[in-house]
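These are the residues of each chain, in order.
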Amino acid sequence: MIKEGSYLFVEGQGPVEPFRGKYAVKSADVFERVRARWASVGLDPASAYLPMRIELELTTKCDDSCPSCGMGALPLAEGRTLTDGQIRFLLQQFASIGLPSIAVTGGEPFTAWRALLKLIEGASEHGIDISKLTTNGSWGTVARCPRVFERLEKAGFLDGTLFVPLLMMSIGEQNTPLESVARILHHAVTHYSKRELNVAVSSLADPATRRHKVDDLVAVYESEYGQFPHERVHSTMRVYLTNDRIGGQAPVHRPGHTPVAKWMDHCFDCFAPTVGAYVLPTSLLKNDGSWYTCAAFNVPEKLAFGNLLRERATDVLARAAASLYVQRVRAGGGLKALHDVVPREFTEKTTCTSFCDTCALLIDQFDEKADTTTGHRSPTLIPPAALMARTNRAAAESQR
Ligand code: SF4
Ligand code: SF4
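Residues numbered from 1 in each chain as written. Chains lettered and ligands numbered in written order. Predicted model: local features only at pLDDT ≥ 70, side-chain atom pairs only at ≥ 80, totals over all residues.

Draft legend 1. Summary view of the overall build of the protein chain. Scanning the protein chain from terminus to terminus reveals 12 helices and 15 strands. Expressed as a percentage of its 400 residues, the buried residues of the protein chain come to 43%. The contacts of the protein chain with a sequence gap of at least 6 include a subset with a gap of at least 24, amounting to 75%. (Helix = DSSP H or I, 4+ residues; strand = E, 2+ residues; numbered from the N terminus. Buried ≥ 20, exposed ≤ 12 C-beta atoms within 10 Å, placed from the backbone. Contact = placed C-beta atoms within 7 Å.)

Listed below in C-alpha cells is the structure:
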C-alpha cells in the first residue's frame, strides 16, 4: 500500500508532480491555477488563510455505530442531512470564495444518497472539485456496488479539473463486511486508472490481537480477486492517534508526556497551500454551518470563525485571515512560530498527546499574551419551540 505522507508538495518548495499522492493533482501548475481562481473572486492572494478545501459534513446520519466514532455521527433516525436549499446556498458560498475543492464527510455520506448526488452535481456545475469522498463502504453489495459507481460517475464525481478524486474507505471499527469493501476496491481499480480515481483505506489494529484490519482485508481481497492492488491503494493510519502501524511503516509513539515545545518544533504549516500527501489549508464545515480553519478530529473550538449557513462566506473568511493567531502561524511556518510569544516556561513544562492538543493550548496562551481573542461565535438563532421550552424551564426552576 502507498504509505501515508508520500508525495508532499508545498507551494514554493519545489515542483509539483501531477498524479502523485493520495490527493493527486492533475497539473503541475495547480497553485497558479488556484491563485488565479482566488484572484478572480477578489480575494487578496497575500491573505494568511485561503482554503484549498472544505470538509463538508453532508449528514450526521450513519448506518453504523463505531464506539470511538470521531465524526459525531448519529443513528439514522436522529441525524440530520443538509437540505437541497442548504446545499445550493453553500455551493454559492463556496463559489464566492473561489473554493477549489470539497471533501465530503458525515456521518456516512451514502446514507444521504440523494443529497450526495445533488452536492456532486452542484459542485460540478460550479467548477468545484470533489477531492475526497469518505465512506464505510456499506453500499458495496453485489447489487449496489456497480450501480453506485455508475451514478457517481454520471453526477460528475470524476470530472474535477484540479484533483484526482479520492474514495476513502474506513474499516476501523466499522461493521461493513470486508467482502463489500474488497468489492468496492476491486471495482475502483479495475474500472478506473489512477489518473481518474484514487482509493484509500483507513484501518485500525485490534488492541487485543494487535492484528491490523487491513491485513484481513488483503486476505479477503486476494481470496476473491487475486493479487491485492498495493500500488493503487493509499493507507491512512495516522488519523487514529493510538493506532498501530502496518508492516513496513515506522512505529509511531504518541505518549502523553511530550512537551508542547517538542510538538511545536515538529509541526508543519497547516495554513500553507499543500497538495499530494494532504490538502492544506483545509477547513471544516459542520452540518449546522459552523466553519473552522482546519479539519482536525479534535479541532480547537477557537478555530471556529463563523457560520456559513448564516453569514457571508467572504466575511467569515476575512475574519479567519485577520486572526492574529492564524497570521502568526502562517508567517512563521507552523506552531514553532509561537515560541517568541508563548514562554518556554510553559511550552517545556506542559505536556500533551498531539499537535492539535498543542494547538488548543497555544491558542489560549497566545490570546492571553497577545491580548486578543481567537475565533468567533456566530449569534445563535434559537428556534421558537426551544426558546419556549427554555423559558418554561427557567420559570419552573424559579418557583422551586
Ligand atoms: S462509520 Fe464512520 S461516521 Fe459511522 S459511526 Fe463509524 S466512524 Fe462514525
Ligand atoms: S495543529 Fe492546529 S491548525 Fe493544525 S491541524 Fe491541528 S488544530 Fe488544526
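Draft legend 2. Just the site of ligand 1, in detail. With respect to spatial proximity, 13 residues lie near ligand 1, and among them C62, C66, C69, A73 and N136 are the closest. Classifying every residue of the shell around ligand 1 by side-chain character gives five nonpolar, six polar and two charged. (Near = placed C-beta within 6 Å. Nonpolar A, V, L, I, M, F, W, Y, C, P; charged D, E, K, R; others polar.)

Draft legend 3. Representation of the environment of L133 in the model. Locating L133 in the fold gives a position in strand β6 (residues 129-135). For L133, a count of 23 C-beta atoms within 10 Å corresponds to the buried category. As for L133 and I102, which are separated by 31 residues in sequence, their C-alpha atoms are 8.7 Å apart. If sequence neighbours within four positions are ignored, L133 has contacts with V104, P109, P165, L167 and M168.

Draft legend 4. The nonpolar core, seen in detail. Residues V104 and L217 are the most contacted members of the largest nonpolar core, which totals 100 residues. Broken down by element, this core gets its largest block of residues, six residues, from helix α5 (residues 178-191). (Core = buried A, V, L, I, M, F, W, Y, C linked by C-beta atoms within 7 Å.)

Draft legend 5. Structural detail: the confidence of the model for the protein chain. Across the protein chain, pLDDT averages 89, with 88% of residues at or above 70. The low-confidence segment residues 238-251 (pLDDT under 50) makes 25 contacts with residues lying over four places distant or belonging to another chain. (pLDDT = per-residue confidence, 0-100.)

Draft legend 6. Representation of helix α9 (residues 324-331) in the model. Burial in α9 covers these residues: Y325, V326, V329 and R330. The buried residues of α9 occupy an angular sector of 125 degrees when the element is viewed end-on, so they sit on one face. Contacts from the buried residues of α9 go to α8 (313-322) and α11 (355-370). One or two positions beyond α9, positive phi appears at G333, with a value near 70 degrees. (Arc of directions from axis to C-beta.)

Draft legend 7. Broad picture of the site of ligand 2. Around ligand 2 sit C267, C270, C294, A296, V299, P300, F355, C356 and C359, and those are all the residues in its vicinity. Of the residues belonging to the shell around ligand 2, the class tally is nine nonpolar, no polar and no charged.

Draft legend 8. Focus on the sheet that holds strand β13 (residues 290-292). Strands sit in the order β9-β8-β7-β6-β5-β2-β12-β13-β14 across an open sheet of nine strands; the sheet is mixed. Here the strands that pair on one side only, and so sit at the sheet edges, are β9 (233-236) and β14 (304-307). Adjacent strand axes in the sheet meet at a mean angle of 20 degrees, parallel and antiparallel pairs treated alike. Both strand β8 (residues 198-202) and β9 contribute to a ladder of four bridges, which runs parallel. Bridge pairing in β9 links S202 to T236. (Pairing = 2+ DSSP bridges. Axes fitted to C-alpha atoms, helices over the stretch in contact; angles between N-to-C directions.)

Draft legend 9. Local environment of α5. Relative to the 20 Å expected for 14 residues at 1.5 Å per residue, α5 spans 20 Å between its end C-alpha atoms, a close match to the ideal helical length. What α5 keeps buried is the set L178, S180, V181, A182, R183, I184, L185 and A188. Elements that come into contact with the buried residues of α5 comprise α4 (145-155), β7 (166-170), β8, α6 (213-225) and β9. (Expected span 1.5 Å × (residues − 1).)

Draft legend 10. Region of interest: the pairing of β6. Burial analysis of β6 places seven of its seven residues in the buried class, the great majority of the element. Here strand β5 (residues 101-105) pairs with β6 via four bridges, running parallel. The residue bridging I102 from the neighbouring strand is I130, located in β6. What joins β5 to β6 is helix α3 (residues 113-125), and the crossover it makes is right-handed. Pairing between β6 and β7: four bridges, direction parallel. When the bridges of β7 are listed, T135 appears paired with M169. Crossover β6 to β7 through α4 is right-handed. (Right-handed = clockwise from strand over helix to strand, strands pointing away.)

Draft legend 11. Molecular detail of the environment of L303. Here L303 is to be found in the loop between β13 and β14. Classification of L303 by C-beta neighbours within 10 Å gives buried; the count is 25. For the pair L303 and G375, spaced 72 residues apart in sequence, the C-alpha to C-alpha distance is 5.2 Å. Dropping the residues within four chain positions of it, L303 is found in contact with Y292, T293, C294 and G375.

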